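So the chains spell out like this:
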Amino acid sequence: GAVVSQHPSWVICKSGTSVKIECRSLDFQATTMFWYRQFPKQSLMLMATSNEGSKATYEQGVEKDKFLINHASLTLSTLTVTSAHPEDSSFYICSARDQHSTFISEQFFGPGTRLTVL
Amino acid sequence: KQEVTQIPAALSVPEGENLVLNCSFTDSAIYNLQWFRQDPGKGLTSLLLIQSSQREQTSGRLNASLDKSSGRSTLYIAASQPGDSATYLCAVNTINQAGTALIFGKGTTLSVSS
């Protein structure tokens with residue numbers, strides 16, 4: 001149980017284009033999903049927290065107009081990188097919190113999406 | 001601001017050794033602490049979760065301890081195997097503007113040789 005999927009697993013795009021990444025909780029309902037970014041040899045950095053049916057809360061330094069997050073259902077959140085540039089190339093990982101989890105704030109992670117912007 | 005530090009950054013050991021990975025955090029006001037494993041280019045696999053009220057958790061050859069007052073956790077791996085080679089991440093669950101957030105360390109990259 002508690003499986004989170006991401007699509008696509010990797011994507012290459014041209015500079016200036018937009019890319020959408022999907023995060024799905026497959027066997028549980030997630031009222032809250034999280035988006036992280038990981039640069040090579042670095043730790044995971046939280047970008048934003050999304051709650052189903054409401055606006056996402058972005059961490060300091062993350063441009064909300066560049067990284068659009070939509071959490072339209074209890075099993076799906078999307079991250080759209082708008083007008084992507086080479087510096088946006090990174091590993092993007094989502095996680096989801098099972099609303100019925102017995103552990104406070106336990107998160108289940110997706111496999112990640114490798115974005116390369118040329 | 002919560003900061004998580006992991007020592008060492010990298011570790012190489014021969015198969016069969018017992019080893020300890022260290023994690024420290026600056027703010028003791030945490031909900032819980034998790035240890036994850038990350039293989040190259042892959043997502044995270046949760047290994048152990050310790051609630052703030054707990055002192056340790058065990059799963060197979062893994063044992064994690066938590067000393068919240070001193071801001072420290074250790075992950076003990078017994079009888080290491082080549083398949084244990086990966087990056088191990090420590091993360092603390094703490095309060096942020098959105099509710100709670102996981103703050104990660106940079107990880108310890110473990111290499112176990114056969």
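This text follows the structure it describes.
Quick caveat, the model's predicted, so the values are computed rather than measured.

Student: Residues and numbers for the overall build of chain B, please.
Tutor: Secondary structure assignment for chain B yields zero helices and eleven strands. From first element to last, N terminus to C terminus, chain B shows the α and β order β-β-β-β-β-β-β-β-β-β-β. Expected size for 114 residues packed as a compact globule is a radius of gyration near 13 Å; at 14 Å, chain B falls within 12% of this value. The principal-axis extents of the C-alpha atoms in chain B amount to approximately 45 × 30 × 20 Å. Taking all 114 residues of chain B together, the buried fraction comes to 45%. When contacts within chain B are restricted to residue pairs at least 6 apart in sequence, those whose partners lie at least 24 apart make up 53%. Roughly 5,300 Å² of accessible area belongs to chain B as shown, and the carbon and sulfur atoms make up 48% of that amount. Charged side chains of chain B number 8 positive and 8 negative; the gap between the two group centres comes to 6 Å.

Student: Can you tell me about unusual backbone geometry, naming the residues and giving the values?
Tutor: Looking along the chain, the bond that leaves H7 of chain A and enters P8 of chain A is cis, with omega of 0°. Cis rather than trans, the peptide bond between I7 of chain B and P8 of chain B has omega equal to -5°. With respect to the secondary-structure elements, P8 of chain B resides in the loop between β1 (4–7) and β2 (10–14). The phi dihedral of K41 of chain A is positive, around 65°, even though this residue is not glycine. Locating K41 of chain A in the fold gives a position in the loop between β4 (30–38) and β5 (44–51). With phi around 45°, A79 of chain B is a residue other than glycine that occupies positive phi space. Locating A79 of chain B in the fold gives a position in the loop between β8 (72–77) and β9 (86–96).

Student: Got a sec to walk through the state of the cysteines? Specific residues and values, please.
Tutor: Residues and elements named next belong to chain A. Overall, the coordinates contain two disulfides over all chains when judged by the stated rule. Across a sulfur-sulfur distance of 2.0 Å, C23 and C94 are joined as a disulfide pair. Looking along the S-S bond of the C23-C94 disulfide, the torsion reads about 80°, which is the right-handed sense. Here C94 lies in strand β9 (residues 90–98) and C23 lies in strand β3 (residues 19–25), a separation of 71 residues in the sequence. The burial state of C23 is the same as that of C94; both residues are buried. Lacking any disulfide linkage, C13 is separated from the closest cysteine sulfur, that of C94, by 18 Å. Given a relative accessible area of 9%, C13 falls into the buried group.

Student: How would you summarise the packing of aromatic side chains if you had to cite specific residues and measurements?
Tutor: Throughout the structure, instances matching the rule amount to seven aromatic pairs over all chains. Consider the rings of Y36 of chain A and F109 of chain A, whose centres lie 5.5 Å apart with planes at 40°: the pair is tilted. Within this pair, whereas Y36 of chain A is found in strand β4, its partner F109 of chain A is found in strand β10 (residues 107–109), the two being separated by 73 residues in sequence. Ring pairing ties together the aromatic residues Y36 and F109 of chain A together with F36 and F104 of chain B, which thus form one cluster.

Conventions we followed
- Residues numbered from 1 in each chain as written.
- Chains lettered and ligands numbered in written order.
- Predicted model: local features only at pLDDT ≥ 70, side-chain atom pairs only at ≥ 80, totals over all residues.
- Heavy atoms only, no water.
- Helix = DSSP H or I, 4+ residues; strand = E, 2+ residues; numbered from the N terminus.
- Rg over C-alpha atoms; globule rule 2.2 N^0.38 Å.
- Buried < 20%, exposed > 50% of the residue type's maximum accessible area, 1.4 Å probe, protein only.
- Contact = heavy atoms within 4.5 Å.
- Areas by Shrake-Rupley, 256 points an atom, 1.4 Å probe, with all protein chains shown as cover.
- Lys, Arg positive; Asp, Glu negative; His and termini not counted.
- Charge placed at Lys NZ, Arg CZ, Asp CG, Glu CD.
- Disulfide = S-S within 2.5 Å.
- Phe/Tyr/Trp six-rings, centres within 6.5 Å; stacked < 30°, edge-to-face > 60°.

Distances and angles like these do not, on their own, reveal function.
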